[in-house]
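Report on the structure
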Amino acid sequence: MTFEKTTEKDSNYNHLEKMATLEILKNINKEDQSVPLAVEKAIPQIEKLVQQIVLKLKNNGRLFYIGAGTSGRLGIVDASECPPTFGVSPNMVIGLIAGGDKAIRDAVEFAEDSKDQGWKDLQKHNITNKDIVIGIAASGTTPYVIEALNICNKNNIITGCITCNKNSPLSNVAKYPIEVIVGPEFVTGSSRMKAGTAQKLVLNMLSTTTMIKLKRVKGNKMVDMQLSNNKLVNRGITMVMQELKIDKETAQKLLEKNKSVRASINDYLK
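Residues numbered from 1 in each chain as written. Predicted model: local features only at pLDDT ≥ 70, side-chain atom pairs only at ≥ 80, totals over all residues. Heavy atoms only, no water.

This paragraph deals with the overall build of the chain. The number of helices and strands found in the chain is 12 helices and five strands. Seen along its three principal axes, the alpha-carbon backbone of the chain occupies a region of about 60 × 50 × 35 Å. A burial count over the chain gives 46% of its 270 residues as buried. Intrachain contacts of the chain at a sequence separation of at least 6 include 69% that bridge at least 24 residues. Carbon and sulfur atoms make up 50% of the accessible area of the chain, which amounts to about 14,200 Å² in all. Once the 37 positive and 28 negative side-chain charges of the chain are each reduced to a mean point, those two points are 7 Å apart. (Helix = DSSP H or I, 4+ residues; strand = E, 2+ residues; numbered from the N terminus. Buried < 20%, exposed > 50% of the residue type's maximum accessible area, 1.4 Å probe, protein only. Contact = heavy atoms within 4.5 Å. Areas by Shrake-Rupley, 256 points an atom, 1.4 Å probe, with all protein chains shown as cover. Lys, Arg positive; Asp, Glu negative; His and termini not counted. Charge placed at Lys NZ, Arg CZ, Asp CG, Glu CD.)

The subject of this paragraph is the nonpolar core. In globular proteins that are soluble, nonpolar side chains generally tend to be buried together. One finds Tyr65, Ile178, Val180 and Leu206 to be the most contacted residues of the largest nonpolar core, which totals 36 residues. For this core, the secondary structure elements donating two or more residues are helix H2 (35–41), helix H3 (43–58), strand S1 (63–67), helix H4 (69–86), strand S3 (132–136), strand S4 (158–163) and helix H9 (194–213). Setting aside chain neighbours within four positions, we find Val180 in contact with Ala38, Val39, Ala42, Thr163, Cys164, Ala198 and Val202. Grouped together as the second largest cluster of nonpolar side chains are 23 residues, Phe64, Ala111, Ala137 and Leu149 included. (Core = buried A, V, L, I, M, F, W, Y, C linked by side-chain atoms within 4.5 Å.)

On to the pairing of strand S2 (residues 93–97), then. Here S2 lies mainly inside the structure; four of its five residues are buried. One ladder, built from five bridges, connects S1 with S2; its direction is parallel. Within the sheet, the bridge partner assigned to Phe64 lies in S2 and is Ile94. A crossover links S1 with its parallel partner S2, the connecting element being H4, and its sense is right-handed. (Pairing = 2+ DSSP bridges. Right-handed = clockwise from strand over helix to strand, strands pointing away.)

Next up on the list: the environment of Arg192. Relative to the assigned elements, Arg192 resides in the loop between strand S5 (176–179) and H9. In this structure, the C-alpha to C-alpha distance between Arg192 and Thr70, residues 122 residues apart in sequence, is 6.0 Å. Contacts of Arg192, omitting those with residues within four sequence positions, involve Thr70 and Thr197.

What follows covers the sheet that holds S4. Here we have five strands laid out as an open sheet, ordered S2-S1-S3-S4-S5, and parallel in their pairing. In this open sheet, the two strands that pair with only one neighbour each are S2 and S5. Neighbour-to-neighbour, the strand axes of the sheet open up by a mean angle of 15 degrees, direction not taken into account. Bridging between S3 and S4 involves five bridges; their strand directions are parallel. Bridge assignment links Gly135 to a residue of S4, and that residue is Cys161. Against the sheet, H4 engages S1, S2 and S3, with an angle of about 160 degrees to S2. Contacting S1, S2, S3 and S4, helix H7 (residues 143–154) runs over the sheet at an angle of about 145 degrees to S1. (Axes fitted to C-alpha atoms, helices over the stretch in contact; angles between N-to-C directions.)

Take the pairing of S1 next. S1 sits mainly inside the fold: five of its five residues count as buried. Residue alternation in S1 divides its side chains into two sets, Leu63, Tyr65 and Gly67 and Phe64 and Ile66, and both sets are buried. Alignment of S1 against S3, held across five bridges, turns out to be parallel. By the bridge assignment for S3, Leu63 is matched with Ile132.

As a further point, take the packing of helix H10 (residues 230–244) against helix H11 (residues 248–258). Taken N-terminus to C-terminus, the directions of H10 and H11 make an angle of 115 degrees; their axes are 9 Å apart at the nearest point. Crossing handedness for the pair H10 and H11: right-handed. Where H10 approaches H11, its residues Val233, Gly236, Ile237, Val240, Met241 and Leu244 are matched on the opposing element by Lys248, Ala251, Gln252, Leu254 and Leu255. (Left-handed = near helix turned anticlockwise from the far one by under 90°.)

This brings us to the pattern of salt bridges. Summed over all chains, the structure comprises 13 salt bridges. Residues Arg216 and Asp224 are paired through a salt bridge, measuring 3.6 Å at the closest nitrogen-oxygen approach. Overall, the relative accessible area of 26% leaves Arg216 in the partly exposed class. For Asp224, a relative accessible area of 13% corresponds to the buried category. Through salt bridges with shared partners, one network takes in Arg216, Asp224 and Arg262. (Salt bridge = Lys/Arg side-chain N within 4 Å of Asp/Glu carboxyl O.)

Mapping Lys259 onto the fold places it in the loop between H11 and helix H12 (261–269). With 103 residues separating them along the chain, Lys259 and Asn156 place their C-alpha atoms 40 Å apart. For Lys259, the side chain forms a polar contact with the main-chain oxygen of Glu256, separated by 3.0 Å. (Polar contact = N/O pair within 3.5 Å; in protein donor to acceptor, adjacent residues only side chain to side chain.)

The structure is reproduced here in structure tokens:
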């Protein structure tokens, strides 16, 4: 199978510096519109990986995202949003980035080129074959990610990946690869753009679908969300009111008592 690095191909546009602001914006938007269509083509791959994630998490396993640069940051964002959105433990979904926490804000030179650090980072979390690891790399060529998944495979740890090139080294290592082929970027090689958008969309699908299958959503509501600010408290009150068909004052008292939308609903119905 031929590996073609389409994410590195020349942009479909040239002389960007000569374009008017409106022209730049319209052209970026035109390119962005192709991303959801590329994700749609990968849904069968996404489904297979979700099924594996759900199986692991139902049996007290954990989901790890591992990446470098933009890809690593996107994994960390998705992982960090699971506890407040779905009320799960911060240890259920864990994001790792080449170069460590410093790399979340600043580029760490050559961190992604390490062939052994990815596995070392996973070992810090006492990873076992109860867990599942998803490598994220737009190019599909990042040594930090590829070698981490390679060692996971040798230790009978289920692996998946999200990449934007077909038949990449990463896809060939991952047991459940997701390939979203978005083509050349507006700015040649700037994979934080279409590729980053594609990865974010896929991560949304993976984590949200998984949490729904784990019954962390009731109807269409985030009944296990953390009530960490006034906006979310008010949203929680509204959820309780709507679900139980009760007045605001009663719903507010239930939420103050139970500190959870789900617990408030269950308390009222018992």
